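# Architecture at a glance
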Amino acid sequence: MASVKSSRSRAHAVTPSKGINKESGTKLEENLNVFKSDNFDADAFVQSKCHSLNEKEIRQLCSYLLDLKRASAEEMRKSVYANYTAFIRTSKEISDLEGELSSMKNLLSTQATLIHGLAEGVHIDSLSDDAPESTSNAPSNDEVREPTDLEKWLTEFPDLLDILLAERRVDEALSSLDEGERIASEAKEKKTLSHAVLLSLQTAIAERRQMLADQLAEIACQPSTRGAELRAAISALKKLGDGPRAHSLLLNAHYQKYQLNMKNLRPSSTSYGGAYTAALSQLVFSAIAQAATDSLAIFGKEPAYTSELVMWATKQTEAFALLVKRHALTSSAAAGGLRAAAECVQIALGHCSLLEARGLALCPVLLKLFRPSVEQALDANLKRIEESTAALAAADDWELTYPPSVTRTSGRPAGAVLGSTGAYQHKLSSSAHRFNLMVQDFFEDVGPLLSMQLGGKALEGLFQVFNAYVNTLIRALPGSIEDETSFEGSGNKIVRMAETEAQQIALLANASLLADELLPRAAMKLAPLNQANYKDDLQRRASDRQSRHPEQREWKKRLVNSVDRLKDSFCQQHALDLIFTEEGDSHLSAEMYINMEGNADEIEWFPSLIFQELYVKLNRMAAIAADMFVGRERFAILLLMRLTETVILWLSQDQSFWDDIEEGPRPLGHLGLQQFYLDMKFVTCFASQGRYLSRNLLRVVNDIISKAMSAFASTGMDPYSVLPDDDWFTEIAQDAIERLSGKPKIANGERDLNSPTASVSAQSMSSVRSHGSY
């Protein structure tokens, strides 16, 4: 029932219908009051909280509870381990103090016995001196009677013990000592022996007991003592009452044993780190395991001995970790050999984890000591990826190709080829291909290091490397060459410029494909998805997406945000190229609308040149993106949407433009208002047809039209009275779209050359072609 309440309390800490809020864990204790009542009904509680959950929400709740269970177990393990060392140290000190007190008690007892014995001897001697000569010369009964069995035993007992000790007959010596202790105890209780004789017997027992203890200690310290003989000696020493010494000798014997075996293990500069780590860990952890087995068999689970065993095992583990770091990890970490470092750590952890069955959780000790070296290897590996990618970017021609090992097959889409692994291969430039391959290898290496809790550090480090690569791509844009100060510390600043629109769009293709698909797919090795046993593969994939670790979702979001910086730089550059001339003059000025007043009959209505150029540029980019973003058309649409928004937002925020429109020396006339309205209608028409008319763009366009109409209305005229119907603007905008796209209206199979917009269209197309570099 306790486990049920515990699970219910964890479920109570979340609100499944609104998503799992892990921050509420801090208030867990406040939510436990409901479970403290003796009348708590678990079924009723679950029904009250979960009756409205659907299947998806129940799965999310179960997934969260499993994560919470794992996190709770990990937190408890950390807490226990964090305080266990202090507990062991205190227990050892108490045990040592108890041993010292016992020794002091024995010493005081021995001294008291000696003093009483000396006093008794002096008293007997004084009585003998005072007796008359006649008495001393008289015959006594003791001289003629036969000695008793006890007297014979007392005479033979010391010699018997000496013989047993000389012949190392330990068991018999222990039995004789026990018998002597028994007889001395009975004699003392029944007073069958004089004080002097009793003292002599006790002294003989104590001396032989000490001799046997020294003999057993000598046996335990001999390197040749093995297995059963060692355990017998330690067990005998414990029976003698010297348990702390016996346990220390047992541990030291196993230490000396593996130290002797280690003399044959001599690492060299050419030795393989994994092989050395495997051999060394086999020796060390086998010795610790055998010591733990012997300690349990002889001393049981007494806390004092268990604590000493844990402290000793921890010390040996620390010494082992230092050797591995010195002879294997340090060189690998310095060279950025993450795979070699990871293999060494995994080998050591594999052997160490076997001790957990014997109650020794020593893996945290290894992880703590190995972590700095592995972090060094991790950082060096990430640095190598960054520097190698930057070096390749300096010579990258920004042409998208398939990976060198993948050949295109007929019948496959232009943007993807199915490789031997079954995964689609995409087109990237040479530096992006290299970056992707190094990242794939990187995640293969760091996968085994999740036990060291380095997954977050690996993701953060890789994000920084990707961000540096994005900075390199931004510097490849011609308009970003003067902004070098924004990229200090981002690596090699030498980069080959992307001169053409195709090359510049290739930069976006590189970054977007890496951030959206390749890097997140590779990073999934750091957090394996929950593999629930559902009926079909589609349901399993949906569940996997829902259970993906939130850290990885946040990481992918950061990658996409980094790509957005590149996208913004791209759009700003092309927007400025459209708006301004090389001399810095604006193509989009108030004069182009204010100066239209005159004879309306001479005007041939067509969108302004800058908006024609915007449309042609978007069409050209759409054609390029169609080949580069196969299967990812949404990114291409968002790119064109962002570019259109950038131009229109610039118009909306150009204060000098609106100052001239609203407060200039000449007011905006009805022809200028009509041309302005036509330009905005043209933008919404081609954006709508291209599927990149966003709500934000439509809102900004409407705001701009409203401002222009308000400026016109300030002259005292009604703007609606001078503007034609929307159908008129739509027809001209549609005609312009068809002509600019090379698909003019056809009448009887021939172009209508008498169209009022034909000459303007031809002139506009000529101007657009002259600006083909935009």
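Residues numbered from 1 in each chain as written. Predicted model: local features only at pLDDT ≥ 70, side-chain atom pairs only at ≥ 80, totals over all residues. Heavy atoms only, no water.

## Some remarks on the nonpolar core
Counting 153 residues, the largest nonpolar core has Phe 370, Phe 443, Phe 611 and Phe 686 as the members making the most contacts within it. In terms of residues, this core owes the most to one element, helix 16 (residues 501–523), which gives 13 residues. In this view, Phe 611 contacts Leu 588, Tyr 593, Ile 648, Leu 651, Asp 679, Met 680, Phe 682, Val 683 and Phe 686; residues no more than four positions away in its chain are not counted. (Core = buried A, V, L, I, M, F, W, Y, C linked by side-chain atoms within 4.5 Å. Buried < 20%, exposed > 50% of the residue type's maximum accessible area, 1.4 Å probe, protein only. Helix = DSSP H or I, 4+ residues; strand = E, 2+ residues; numbered from the N terminus. Contact = heavy atoms within 4.5 Å.)

## Quick look at the packing of aromatic side chains
Taken as a whole and judged by the stated rule, the model has 20 aromatic pairs. Aromatic side chains Phe 435 and Tyr 469 sit 5.3 Å apart centroid to centroid with 10° between the ring planes, which places their arrangement in the stacked category. Remark: Tyr 469 occurs in helix 15 (residues 455–475) and Phe 435 occurs in helix 14 (residues 430–446); sequence separation between them is 34 residues. Site record: aromatic cluster; members linked through ring pairs are Tyr 593, Phe 657, Trp 658 and Phe 676. The aromatic ring of Phe 463 is capped on one face by Arg 558, whose charged end is 4.0 Å from the ring centroid. (Phe/Tyr/Trp six-rings, centres within 6.5 Å; stacked < 30°, edge-to-face > 60°. Lys NZ or Arg CZ within 6 Å of the ring centre and 35° of its normal.)

## Some remarks on the pattern of salt bridges
Pairing between side chains becomes possible if they bear opposite charge and their charged atoms approach one another. If you walk through the whole model with that rule in mind, you get 12 salt bridges. Across the pair Arg 620 and Glu 501 runs a salt bridge whose closest N-O atoms are separated by 2.8 Å. Of the two residues, Arg 620 sits in helix 20 (residues 609–628) while Glu 501 sits in helix 16, which places them 119 residues apart along the sequence. Close ionic contact of Glu 517 with Arg 521 constitutes a salt bridge, the shortest N to O distance being 3.5 Å. With a gap of four residues between them, Glu 517 and Arg 521 both fall in helix 16, about one helical turn apart. Since its relative accessible area comes to 22%, Glu 517 is described here as partly exposed. Connected via shared salt-bridge partners are Glu 501, Lys 617 and Arg 620. (Salt bridge = Lys/Arg side-chain N within 4 Å of Asp/Glu carboxyl O.)

## A short note on the confidence of the model for the protein
Taken residue by residue, the protein gives an average pLDDT of 76. The fraction at 70 or more is 71%. Low pLDDT, under 50, characterises residues 123–144; the stretch is placed with zero contacts to residues that sit more than four places away or in other chains. Predicted confidence for residues 481–491 stays below pLDDT 50, and this span has 12 contacts to residues more than four positions away or in other chains. (pLDDT = per-residue confidence, 0-100.)

## Quick word on unusual backbone geometry
Positive phi outside glycine occurs at Trp 398, with the angle close to 55°. Along the chain, Trp 398 turns up in the loop between helix 13 (363–393) and strand 1 (416–418). Phi at Arg 691 is positive, roughly 65°, even though this residue is not glycine. Position of Arg 691 relative to the elements: it lies in the loop between helix 23 (670–689) and helix 24 (695–713). Judged by relative accessible area, which is 60%, Arg 691 ranks as exposed.

## Brief notes about the packing of helix 8 (residues 227–239) against helix 10 (residues 273–299)
A packed helix pair is summarised by two numbers, namely the angle formed by the two axes and the spacing between the axes. Here helix 8 crosses helix 10 at 40°, and the two axes come no closer than 10 Å. Relative to helix 10, the element helix 8 is oriented oblique. Between helix 8 and helix 10 the crossing geometry is right-handed. Seen from helix 8, the contacting residues are Arg 231, Ile 234, Ser 235 and Lys 238; seen from helix 10, they are Gln 290, Asp 294, Ile 298 and Phe 299. Of the residues that constitute the contact of helix 8 with helix 10, the class distribution is three nonpolar, two polar and three charged. (Axes fitted to C-alpha atoms, helices over the stretch in contact; angles between N-to-C directions. Parallel < 35°, antiparallel > 145°, perpendicular 65-115°, else oblique. Left-handed = near helix turned anticlockwise from the far one by under 90°. Nonpolar A, V, L, I, M, F, W, Y, C, P; charged D, E, K, R; others polar.)

## Details of the packing of helix 15 against helix 18 (residues 550–579)
The interhelical angle for the contact between helix 15 and helix 18, taken along N-to-C directions, is 10°, at an axis separation of 10 Å. What the angle tells us is that helix 15 and helix 18 run roughly parallel. Touching Gly 456, Leu 459, Glu 460, Leu 462, Phe 463, Gln 464, Phe 466, Asn 467, Val 470, Asn 471, Leu 473 and Ile 474 of helix 15 are Glu 551, Gln 552, Trp 555, Arg 558, Leu 559, Ser 562, Val 563, Arg 565, Leu 566 and Ser 569, all from helix 18. Grouping the constituent residues of the contact of helix 15 with helix 18 by class yields 11 nonpolar, seven polar and four charged.

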